[in-house]
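Structure assessment
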Amino acid sequence: MPISKYLFTFTDDELVASRNCLDGRNEFNDKYKVRTDRTVCPTDPNKDWQSILSELAVAKFLGVEYTYATEPNAKRYDVGDCVEVRSSLHEHGHLIVYEYDNKPGAYVFTTV
C-alpha cells in the first residue's frame, strides 16, 4: 500500500524539456552502446521517458530543480543531492533496490 499518492501535471515546457532529454539519452545510448537491459522495457525507445517524468515529478514534489541530464553518471543522484528514483508502469508495483545500488540516500518509488 502506498504511503502517499500525488498526481502531477506537467507544463508544456516541462514536457518539451523532458522529450528533448529523452532524445539526448537515446542518442547517447546508441552512440556508446549503453546497457539498457535493466530498464523497465529494454526494447521500448521511450523507456527512459518514464524515468525522466518520474524524476521530474519527485523534483517538483521536493521543490528542487530538475537537471534533465542526458548522460549517465553513477555518482550523480536522480534528484537533488540524495534521492534515487525508481518507477513502474504498474500501479501495484514495488520499490526494487539492487545490490549495485550502493549510494546512500533516499530511494523513492513512483508509478507512471
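Okay, the nonpolar core next. The biggest cluster of nonpolar side chains holds 13 residues, and the ones touching the most others in it are Phe10, Ile52, Val58, Tyr66, Val79, Val83 and Val85. At the level of elements, α1 (12–32), α2 (47–62) and β1 (83–88) are the ones that each hand at least two residues to this core.

With that settled, consider the pairing of β1. Counting buried positions along β1 yields 6 of 6 residues, so the element is predominantly enclosed. The two faces of β1 match: Val83, Val85 and Ser87 on one face and Glu84, Arg86 and Ser88 on the other face are all buried. Bridge count for β1 against strand β2 (residues 106–111) is 6 bridges, and the pairing is parallel. Its bridge partner lying in β2, Val83 is registered against Ala106.

A word on α2. The first and last C-alpha atoms of α2 sit 24 Å apart over 16 residues, in line with the 22 Å expected at 1.5 Å per residue. Among the residues making up α2, those that are buried are Lys47, Asp48, Gln50, Ile52, Leu53, Ser54, Glu55, Leu56, Ala57, Val58 and Ala59. On its buried face, α2 is in contact with α1, β1 and β2. Just past α2, the residue Gly63 takes up positive phi, approximately 75°.

Another point: the packing of α1 against α2. The N-to-C vectors of α1 and α2 enclose an angle of 135°; their axes lie 9 Å apart at closest approach. The angle between α1 and α2 places the two elements in the oblique class. Note that α1 runs across α2; the crossing there is right-handed. Two secondary-structure elements touch here, α1 through Glu14, Leu15, Ser18, Arg19, Cys21, Leu22, Arg25, Asn26 and Asn29 and α2 through Lys47, Asp48, Trp49, Ser51, Ile52, Leu53, Glu55, Leu56 and Lys60. Among the residues making up the contact of α1 with α2, the classes are represented as 7 nonpolar, 4 polar and 7 charged.

Summary statistics for the protein give a mean pLDDT of 84 and a share of 86% for residues scoring 70 or more. For the protein, per-element mean pLDDT is lowest for α1, which scores 89, and highest for β2, which scores 91.

In total, this model carries 6 salt bridges according to the counting rule given. When the shortest N-O distance is used, the salt bridge between Lys103 and Glu84 registers 3.0 Å. Of the two residues, Lys103 is situated in the loop between β1 and β2 and Glu84 in strand β1; the sequence distance between them amounts to 19 residues. Per residue, the accessibility class of Lys103 equals that of Glu84, and both read buried. Bridged by salt links that share partners, the residues Asp78, Glu84, Arg86, Asp101 and Lys103 form one connected network.

About the thresholds
Residues numbered from 1 in each chain as written. Predicted model: local features only at pLDDT ≥ 70, side-chain atom pairs only at ≥ 80, totals over all residues. Heavy atoms only, no water. Core = buried A, V, L, I, M, F, W, Y, C linked by side-chain atoms within 4.5 Å. Buried < 20%, exposed > 50% of the residue type's maximum accessible area, 1.4 Å probe, protein only. Helix = DSSP H or I, 4+ residues; strand = E, 2+ residues; numbered from the N terminus. Pairing = 2+ DSSP bridges. Expected span 1.5 Å × (residues − 1). Contact = heavy atoms within 4.5 Å. Axes fitted to C-alpha atoms, helices over the stretch in contact; angles between N-to-C directions. Parallel < 35°, antiparallel > 145°, perpendicular 65-115°, else oblique. Left-handed = near helix turned anticlockwise from the far one by under 90°. Nonpolar A, V, L, I, M, F, W, Y, C, P; charged D, E, K, R; others polar. pLDDT = per-residue confidence, 0-100. Salt bridge = Lys/Arg side-chain N within 4 Å of Asp/Glu carboxyl O.

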